[in-house]
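# An overview of the molecular structure
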Amino acid sequence: MEYMIKGRKPESFFRYFEEISAIPRASFHEEKIADYIVDFAKARGLEYYRDEWHNVLVKMPATKGQENRPPILFQGHMDMVCEKELEVEHDFLTDPLDLYIDGKFLRARGTTLGADDGIAVATMLSLLDGTVKEHPAYECLFTSAEEAGIVNAPKFDFSRISARTLVSMDAGNIKYPLISCSGALRSEIRLAYKTESITMQAICVSVSGLIGGHSGAHINSGRANANKLMGRLIAPLMSLGDFRIVSVDNESKGTGIPRECKAVLAVPNVDEATAIIKQYADAISTELIDLDKNFNVKVEPVKATEMMTREDTARVCGILACMHSGVFSMCRDLPYLVEYSRSFGTITTTEDTISFLISNRSAKNTKLDAAQNELNAFAAMMGAKIEHYGRYPGWEYDKESHVRDVYCQAHKEITGDDAAPIGVHAGIECGVIRKAIPEMDAISIAPDFYDGHTPKERLDLDSCEVFCRIIARMIEIL
């Protein structure tokens, strides 16, 4: 193929990034990129292992004279988030990305770029191709289905790993290496309800205009949760003597802070109910941060034939009013970092069941255990069923870390600037690896890229050159 990126070093990093950008690699469709990596290993006589979920491990022996140095595990995921502009025609299962250079940035026309985590794949291929001439043994782990919720990394056979130093490459800024991340647990509460024929007037109450956001990264930002606001608006209607819920729904993704919520209600007096809702909406509007300044509540008449029983209405109101959404605790060692949180996400009403999706996050696995137990008790109290799934472990902050010190030293030498290690209240695969190998000394690093998971995603090419120099220096020191 003809390469677009020219004159940048190391040439192999940029060449491999272009090559993998021509290979579709959506989550759960990593067969082709895994084939590419296996063929790469075969062509160079490197030991490799590929499991049934298309996780691939490639091992490269130490160069002569470096055999006694400890091995290094490099790691990143093969899949990418597949988002495109509405007007763009692109099939992520078959079409290559359409790359172009915009100043110092690399972009893809109308789609995500896949720098997350094509950066890691290109880096590992470059290292396996001998970019650094003298080095200890490498173990390069390419994981699959990370963007779907860290699905397949936990299934890998980590007994195949001998390294105890991990350099993951799933961060987003060269100055800010990651040194801690949260684990997660999703919980779904399902409440079966009974209905009666409507004997009152039906209204639709809609909450909209909120900014929303990521349930981990933005949970400490003060952004309002539409579900919780809906609970505050309709719980006071109990004072009317009788009102019923018909349905409650939103279109939030399970991992997002919901921006909108709609509830269809049956009320004995529309004017009185509307006045109560407006009173509480006005009060709420004085509490919100500027990002939520477009908060809006509408009350409109609608048609409905069935409503929940009084008992089930009370239970749904109880869930809306009492479900915590926000921060439980902050990290003692990194005071800026959220340690434990919960986000109240998607609500869906079907003809006989209403379900509530909750996202729990913590770097401490004991906190995730606590979340599961608390929600089990809450669901039992509400007479509902609960299911937990999608759990993956967190990565707790280590007060002492050799690989962190080495990165900071290399960053200072190459850039002249001090690195600023940070923790994130979101999940990356370091938590999975650390659970499997608790003594693993870990860091997650990357060059600068922006607007990940969106069609505006762009990769700083200058930063990539600096990043590769830092990696090479780290290999010298470790």
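Residues numbered from 1 in each chain as written. Predicted model: local features only at pLDDT ≥ 70, side-chain atom pairs only at ≥ 80, totals over all residues. Heavy atoms only, no water.

Grouped together as the largest cluster of nonpolar side chains are 62 residues, with contacts concentrated most on Phe74, Phe142, Ile445, Leu459, Ile471 and Met474. For this core, the element with the most residues is helix α3 (residues 115-128), which contributes nine residues. Not counting the four nearest positions on each side in its chain, Met474 is found in contact with Val167, Val403, Val406, Tyr407, Ala410 and Ile445. If you look at the next biggest cluster of nonpolar residues, it comprises 45 residues, including Tyr193, Leu233, Met308 and Phe378. (Core = buried A, V, L, I, M, F, W, Y, C linked by side-chain atoms within 4.5 Å. Buried < 20%, exposed > 50% of the residue type's maximum accessible area, 1.4 Å probe, protein only. Helix = DSSP H or I, 4+ residues; strand = E, 2+ residues; numbered from the N terminus. Contact = heavy atoms within 4.5 Å.)

What follows covers the sheet that holds strand β25 (residues 458-460). One open sheet holds the four strands; their spatial order is β4-β5-β25-β24, and the pairing between them is antiparallel. Each edge of the sheet is formed by a strand with only one pairing partner; in this case those strands are β4 (99-102) and β24 (449-450). Bridge count between β4 and strand β5 (residues 105-108): four bridges; the pairing is antiparallel. What sits directly across from Asp102, in β5, is Phe105. (Pairing = 2+ DSSP bridges.)

Another point: the sheet that holds strand β16 (residues 296-301). Read across the open sheet, the four strands follow the order β13-β15-β11-β16; overall the sheet is antiparallel. Whereas interior strands pair on both sides, the edge strands pair on one side only; in this sheet they are β13 (244-249) and β16. Averaged over all pairs of adjacent strands, the angle between strand axes in this sheet comes to 20 degrees, irrespective of strand direction. Examined bridge by bridge, β13 and strand β15 (residues 261-267) share five bridges and lie antiparallel to one another. Paired with Arg244 across the strands is Ala266, a residue of β15. On the sheet, helix α4 (residues 226-234) packs against β11 (201-208), β13, β15 and β16 and is oriented at approximately 20 degrees with respect to β15. (Axes fitted to C-alpha atoms, helices over the stretch in contact; angles between N-to-C directions.)

Let's shift gears to the state of the cysteines. Summed over all chains, the structure comprises zero disulfides. Left without a disulfide partner, Cys140 is nearest to the cysteine sulfur of Cys468, which lies 13 Å away. Cys464 supplies the cysteine sulfur nearest to Cys468, a cysteine that is in no disulfide, at a spacing of 6.7 Å. Exposure remark for Cys468: the relative accessible area of 13% places this residue in the buried category. (Disulfide = S-S within 2.5 Å.)

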